[in-house]
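Examination of the molecular architecture
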Amino acid sequence: MMKNVVISIRSIHDCGLDDQDIIEFTTDGLYMLDGDTACLTYMETVVTGMDGTRTSVMVMPDKVVVDHDGSITSRMIFREGEKTSFLYDTPVGQTTLSISTRSILHSFDANGGSVELDYVLDMEHTVISRNRFELNVTLLKQMGEQINV
């Protein structure tokens, strides 16, 4: 059963030459722990540039899958030490991007948890940015009261 949660996200994009872009936001979402797989979903906002897109994240012992569905459509698969490619579909066109996952750290239980991804994004073998994505899930108890994990 999906539970109401607060999701805090911090995304750091390092494009080199002291050009670092940091996005931080908090949003409501849904969360479920199914065995050893954490599943969560939330709506993107104007802050991320993907307003109108639903993001779903599945954190498994050996990989993390991030699906975007809406104004942006993509499925990114992160496996530590591996490079994977994905189709990135936007209202202005589509392209194929690749991610090389440097590290994945995660810890989830029935009350929420966190995941951190460190990866390099490239297009046609040209590095676009080195990224660090941190996501924390906090379960809502009742009437806005939070349980901290």
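Rules used in this analysis
Residues numbered from 1 in each chain as written. Predicted model: local features only at pLDDT ≥ 70, side-chain atom pairs only at ≥ 80, totals over all residues. Heavy atoms only, no water. Buried < 20%, exposed > 50% of the residue type's maximum accessible area, 1.4 Å probe, protein only. Helix = DSSP H or I, 4+ residues; strand = E, 2+ residues; numbered from the N terminus. Pairing = 2+ DSSP bridges. Salt bridge = Lys/Arg side-chain N within 4 Å of Asp/Glu carboxyl O. Axes fitted to C-alpha atoms, helices over the stretch in contact; angles between N-to-C directions. Core = buried A, V, L, I, M, F, W, Y, C linked by side-chain atoms within 4.5 Å. Contact = heavy atoms within 4.5 Å. Patch = residues over 30% accessible without salt bridge, like charges linked within 9 Å, V, L, I, M, F, W, Y side chains within 5 Å. Areas by Shrake-Rupley, 256 points an atom, 1.4 Å probe, with all protein chains shown as cover. Lys, Arg positive; Asp, Glu negative; His and termini not counted. Charge placed at Lys NZ, Arg CZ, Asp CG, Glu CD.

Let us now look at the pairing of strand 4 (residues 54-59). Of the two faces of strand 4, the one holding T55, V57 and V59 is buried and the one holding R54, S56 and M58 is not buried anywhere. Bridge count between strand 3 (residues 37-43) and strand 4: six bridges; the pairing is antiparallel. Within strand 4, the residue paired with L40 across the bridge is V57. The sheet contact formed by strand 4 and strand 5 (residues 64-69) spans six bridges and is antiparallel. In the sheet register, R54 faces strand 5, and the bridge partner there is D69. Taking the residues between adjacent antiparallel strands as the criterion, strand 4 and strand 5 are bridged by four residues.

Evaluated as defined, the whole model comprises seven salt bridges. In this structure, R132 engages E116 in a salt bridge whose closest nitrogen and oxygen atoms are separated by 2.5 Å. Here E116 lies in strand 9 (residues 112-123) and R132 lies in strand 10 (residues 126-139), a separation of 16 residues in the sequence. Its relative accessible area of 26% is what places E116 among the partly exposed residues. Across the salt bridge formed by R130 and D118, the nearest N and O atoms sit 2.7 Å from each other. In this pair, R130 sits in strand 10 while D118 sits in strand 9, placing the two residues 12 residues apart along the sequence. Through salt bridges that share partners, R102, D118 and R130 make up one connected network.

With that settled, consider the sheet that holds strand 1 (residues 3-14). In space, the 10 strands of this open sheet follow the order 6-5-4-3-2-1-10-9-8-7, with antiparallel pairing throughout. This sheet does not close on itself; its edge strands, each paired only once, are strand 6 (74-78) and strand 7 (83-90). Across this sheet, the average inter-strand angle for adjacent strands is 25°, counted without regard to direction.

Now for the environment of V59. When you line up the elements, V59 lands in strand 4. By relative accessible area, which is 1% here, V59 ends up buried. Taking the C-alpha atoms as reference, V59 lies 12 Å from E80; in sequence the two are 21 residues apart.

With that settled, consider the nonpolar core. In terms of nonpolar packing, the biggest core is built from 28 residues, with Y42, V64, F78 and L135 touching the most fellow members. Those residues in contact with L135 that sit more than four places away from it in its chain are I7, S8, I9, L40, Y42, G113, S114 and V115.

Taken together, the side chains of D14, D18, D19 and D21 make up a negatively charged region of the molecular surface. Checked against the element boundaries, D19 lands in the loop between strand 1 and strand 2 (20-34). By relative accessible area, D19 is classed as partly exposed at 45%.

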